[in-house]
Structure formats: structure tokens, C-alpha cells
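This is what each chain is made of:
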Amino acid sequence: QTGLFTYDPGFTSTASCESAITYIDGDEGILLHRGYPIDQLAENSTFMEVSYLLLNGELPTADELKNFTYTISRHTMLHEQLATFYRGFRRDAHPMAIMCGVVGALSAFYHDSTDITDPEQRMIASHRLIAKMPTIAAMAYKYSVGQPFMYPDNSLTYTGNFLRMTFGVPAEKYEVNPVIENAMRRIFILHADHEQNASTSTVRLAGSSGANPFACIAAGIACLWGPAHGGANEAALNMLREIGTPDKIPEYIARAKDKNDPFRLMGFGHRVYKNFDPRAKVMQKTAQEVLKELGISDPVLDTAQELEQIALKDDYFIEKKLYPNVDFYSGVILNAIGFPTSMFTALFALARTVGWVAQWNEMISDPEQKIGRPRQLYTGQTQRDYVPVDKR
Ligand code: SDX
């Protein structure tokens with residue numbers, strides 16, 4: 001609720017916002033999107049259906065879903081000159097660097113959806129962002145591996161189209177693997193929105209100044225990149241690979257507990273969840289299913305599961321209420337599907353775009369909303385007079 005809450009030093013501040021989109025109970029490990037539990041959506045829904053739900057507040061009828069999916073499909077292609085923009089990057093540019101640049105540049109191409117006072121333009125910009133993120137992310141991957149860009153194929157599902165643009169090549173017909181498509185569907189749904197996390201708050205703050213929606217989403221991508229936030233999925237898999245075998249786990253647990261060591265167990269802990277992140281449970285189940293169905297036995301999954309078991313029994317993690325979060329297992333699945341670790345956070349950004357856009361629309365359509373202006377607790381010098389340099 002919007003209202004006042006007090007920090008320890010007696011400093012009061014207003015809550016950041018009111019929102020009806022996502023509800024989290026960190027103590028109980030509950031995550032609801034417009035009232036629907038995340039595990040039910042991950043099991044039964046599609047990313048288009050969840051996108052409609054986040055944007056409009058209700059699950060769509062069959063006709064509404066068909067019309068929404070068709071509308072999104074009208075925007076999957078990128079302006080051809082943006083392909084030239086990609087060619088200005090080094091081949092080894094991090095996909096998140098490319099996505100920050102390309103998404104911010106969209107406002108230079110789509111002038112008919114930057115007027116935030118026009119509800120029609122706001123909705124067109126929202127649909128463009130949701131539709132183009134798979135194309136943008138896939139192109140970032142293709143550019144990094146020196147393969148030609150693949151155009152969208154609107155006869156495929158949102159997830160299937162993304163997989164084909166990423167792993168398909170012009171020389172061959174690409175068959176979407178249903179096991180992989182189902183895993184990506186769940187992963188996209190699990191990452192779609194998460195209340196007022198750092199990157200969503202960044203999008204809201206940027207949007208409160210009246211900045212165009214493309215610039216706001218680019219700001220969200222930049223914030224998500226951090227290893228404490230969306231960058232944790234890439235960092236978690238790199239950590240699990242560094243640990244290597246289960247016998248090395250105690251050494252890393254000890255480092256995570258050592259206050260003098262900056263090392264943190266990546267994929268563990270959360271600002272809000274002081275219980276299991278409900279997304280982590282679905283992610284772990286998906287990791288086991290995907291590896292089994294693809295016939296892959298990845299020792300990293302064994303290490304991850306062993307690490308989870310040891311940490312959950314460790315007094316430090318119990319006392320600090322540290323549990324696996326959404327990023328702990330996602331990398332195992334993405335690696336099994338064939339994504340490089342550098343693409344992991346780009347996939348998080350792709351999926352979270354609908355949440356950012358839904359939260360931005362909720363804020364910008366509130367006639368009472370004002371520019372965000374967080375306050376501070378000043379801890380600097382009291383007033384003093386200037387001293388000329390020859391007197392210092
Ligand atoms: C995401 O906000 C969201 O909703 C984010 C997200 C989303 O969907 O948008 O859920 C996605 O960002 C998930 C988090 C991904 N990040 C990581 O996995 C990186 C590793 N995790 C930590 O960096 C950490 O847990 C944070 C950044 C996520 C939260 O850090 P906080 O705010 O310091 O957590 P806290 O206050 O609960 O920490 C309590 C204590 C602290 O020690 P003390 O100051 O009490 O001595 O636990 C310690 C922390 O230092 N701690 C850890 C730890 N996480 C917290 N110690 C070791 N390993 C960890 N992973």
C-alpha cells in the first residue's frame with residue numbers, strides 16, 4: 001500500500017507505489033500474478049496468455065488470446081536499419097550491452113509510439129517491445145557467433161519463434177523441439193514479472209519523468225544486468241562450474257559465510273523471499289526434466305542439488321533465511337539447451353519486458369502519478385565557508 005514506513009534511524013519514507021499486478025509473500029514463498037499462483041501459470045499457461053494477464057488483469061478468452069497473439073505477431077520484425085546498428089558492435093560485445101543499445105535506439109525508429117500521453121501510442125509501444133525482444137535477443141546471439149540474422153516466423157509460437165531465430169540457420173529447416181519449447185515457455189513465464197524489484201523500479205522511476213517507453217525499458221535492461229540481480233543466472237552457472245565437484249562445496253560455503261570475503265553464493269538469497277522462491281522449485285523440476293528428456297547428465301546439476309542440500313542444513317543460511325532463488329537452476333537448463341552463459345541475462349530481460357511494460361503502463365496511466373523523487377538521509381558536512389586554494 002502507498003503509505004509511510006519507518007527505517008531504524010527514525011527516517012520515514014513513502015512506499016514506492018501501489019500496484020495490482022504481482023503479489024509476493026516473502027515469508028510464505030508465495031508469488032501471484034493478478035491473483036494466479038506462479039506454479040499454476042508455469043504449468044498450464046503460455047507466455048502470450050501470461051502477457052495478456054499481466055497487461056490487462058484477466059486471463060483472456062480464446063478470442064482475446066487469438067487477437068492479442070496476432071497483434072503481437074504484427075510487430076516481431078525489426079526496422080532493417082537496426083541490423084546495421086548491430087554491425088557497429090564488436091563481435092565479442094556482451095548481449096546485454098547490445099540489448100541496452102538497441103532497445104534504447106528503438107525510439108529513434110518508432111516515432112509513432114513515443115507520446116506517453118496517448119493511450120493508443122502507449123499500447124502500440126508496449127506491443128512492439130514485447131514482440132521485438134525475442135528478435136533483438138536472437139540477433140544479439142547470431143551476431144556474436146557470426147551467423148546470419150534469422151527473420152521471425154509468425155506461424156510459430158512466441159517461444160518457438162525465438163528458438164528458431166536463435167538456433168535456426170537459413171541453410172536448413174529448423175524443427176522446434178517440444179521439450180525445449182516447453183522448458184523455454186516455463187522459463188519465460190517464471191521471469192515475466194516480480195513486483196517492485198530493482199529493474200522494475202528503475203523502469204518506473206525513468207517513466208515517471210515522462211521518458212519514452214523504449215528509453216525506460218533500456219534503463220531496466222541496464223539495471224537487470226547487475227550480478228546481484230538478473231546477472232545472477234550467468235554468475236550462478238559460472239560459480240557452479242568453478243566449484244566443479246561436490247567435494248569442493250564446503251570451501252565455497254565457508255567463503256560465502258566469511259564477511260571478509262566478498263564472495264556470495266550466486267543464485268541464493270533474496271531481498272524479499274525468506275523462504276523458498278516458488279520459481280526456484282519449478283526451475284529445479286524443469287532442469288531435471290529437460291536433462292532427462294535430452295539425455296544429458298550434467299554434473300553441474302548434481303553439484304547444484306548437492307549445494308542446495310548442504311546450504312539448507314547450514315546454520316548460517318538457516319539463520320539468514322537464504323534459499324535458492326529463480327537464478328539458481330535456470331542456468332543449468334539454458335546451458336543444456338545450448339545458450340552461452342552470456343545470453344542468460346538477455347533471456348531474463350526478454351521475459352521481464354512484459355512485466356516492465358505492464359508496470360510502466362500501470363504507473364503512467366495513473367492521472368495522480370508524479371515524477372519519482374526518492375529522498376536521502378544527509379550524512380555530510382554542515383554548512384561552511386569557502387577557503388581559497390592558497391589558504392588550504
Ligand atoms: C533476482 O528483487 C527481486 O525480485 C529480484 C528478482 C526478480 O525476479 O526481479 O527476484 C531476481 O535478482 C534474484 C536475486 C539474484 N541475485 C543473486 O542470486 C546474487 C546472490 N544473492 C545476494 O547477492 C543477495 O541475496 C541479494 C542481493 C539477492 C540480496 O541481498 P541482501 O539484500 O543483502 O539480502 P539480505 O538482507 O536478506 O541478506 C541477509 C544476510 C546479509 O548478511 P548480514 O548483513 O546480515 O551479515 O545474508 C547475507 C547478507 O550479506 N547474504 C548472503 C547471500 N545473500 C545474502 N550471504 C552469502 N551468500 C548469499 N547469496
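Attention here is on the structure that accompanies the text.

Parameters and conventions
Residues numbered from 1 in each chain as written. Predicted model: local features only at pLDDT ≥ 70, side-chain atom pairs only at ≥ 80, totals over all residues. Heavy atoms only, no water. Helix = DSSP H or I, 4+ residues; strand = E, 2+ residues; numbered from the N terminus. Rg over C-alpha atoms; globule rule 2.2 N^0.38 Å. Buried < 20%, exposed > 50% of the residue type's maximum accessible area, 1.4 Å probe, protein only. Areas by Shrake-Rupley, 256 points an atom, 1.4 Å probe, with all protein chains shown as cover. Lys, Arg positive; Asp, Glu negative; His and termini not counted. Charge placed at Lys NZ, Arg CZ, Asp CG, Glu CD. Near = heavy atom within 4 Å. Polar contact = N/O pair within 3.5 Å; in protein donor to acceptor, adjacent residues only side chain to side chain. Nonpolar A, V, L, I, M, F, W, Y, C, P; charged D, E, K, R; others polar. Contact = heavy atoms within 4.5 Å. Core = buried A, V, L, I, M, F, W, Y, C linked by side-chain atoms within 4.5 Å.

This part is about the overall build of the protein chain. Along its length, the protein chain carries 17 helices and five strands. For the protein chain, the C-alpha radius of gyration of 22 Å lies close to 21 Å, the compact-globule estimate for 392 residues. In terms of its C-alpha atoms, the protein chain occupies a principal-axis envelope of roughly 75 × 60 × 50 Å. For the protein chain, buried positions account for 50% of its 392 residues. Carbon and sulfur atoms make up 52% of the accessible area of the protein chain, which totals about 18900 Å². In the protein chain, the 37 positive side-chain charges and the 45 negative ones have mean positions that sit 5 Å from each other.

What follows concerns the site of the ligand. The environment of the ligand is formed by 25 residues, the closest being His-194, His-270, Arg-271, Lys-274 and Arg-279. Note that an oxygen atom of the ligand is positioned 3.3 Å from one of the side-chain N or O atoms of Arg-264. For the ligand, the protein covers 78% of the area, taking 1000 Å² as the surface of the free molecule. Across the shell around the ligand, the residue classes tally to ten nonpolar, seven polar and eight charged.

Moving on: the environment of Tyr-316. Summarising the element assignment, Tyr-316 is placed in helix H15 (residues 315-319). Among all residues touching Tyr-316, those that are not within four sequence positions of it are Ala-256, Lys-257, Lys-259 and Leu-322.

With that settled, the discussion passes to the nonpolar core. Membership of the largest hydrophobic core comes to 115 residues, with the highest contact counts inside it found for Tyr-86, Met-184, Leu-265 and Phe-339. When residues no more than four places from it in sequence are discounted, the contact partners of Leu-265 are Met-239, Ile-253, Ala-256, Leu-307, Ala-311 and Phe-317.

Turning next to unusual backbone geometry. Glycine aside, the phi torsion of most residues is negative, and most peptide linkages are trans. Of note in this structure, Glu-195 is not a glycine but carries a positive phi near 60°. The topology assignment puts Glu-195 in the loop between helix H8 (178-190) and helix H9 (198-208). The class of Glu-195 is partly exposed, set by a relative accessible area of 24%. With a phi close to 55°, Lys-321 is a non-glycine residue in the positive phi region. Structurally, Lys-321 can be placed in the loop between H15 and helix H16 (327-337).

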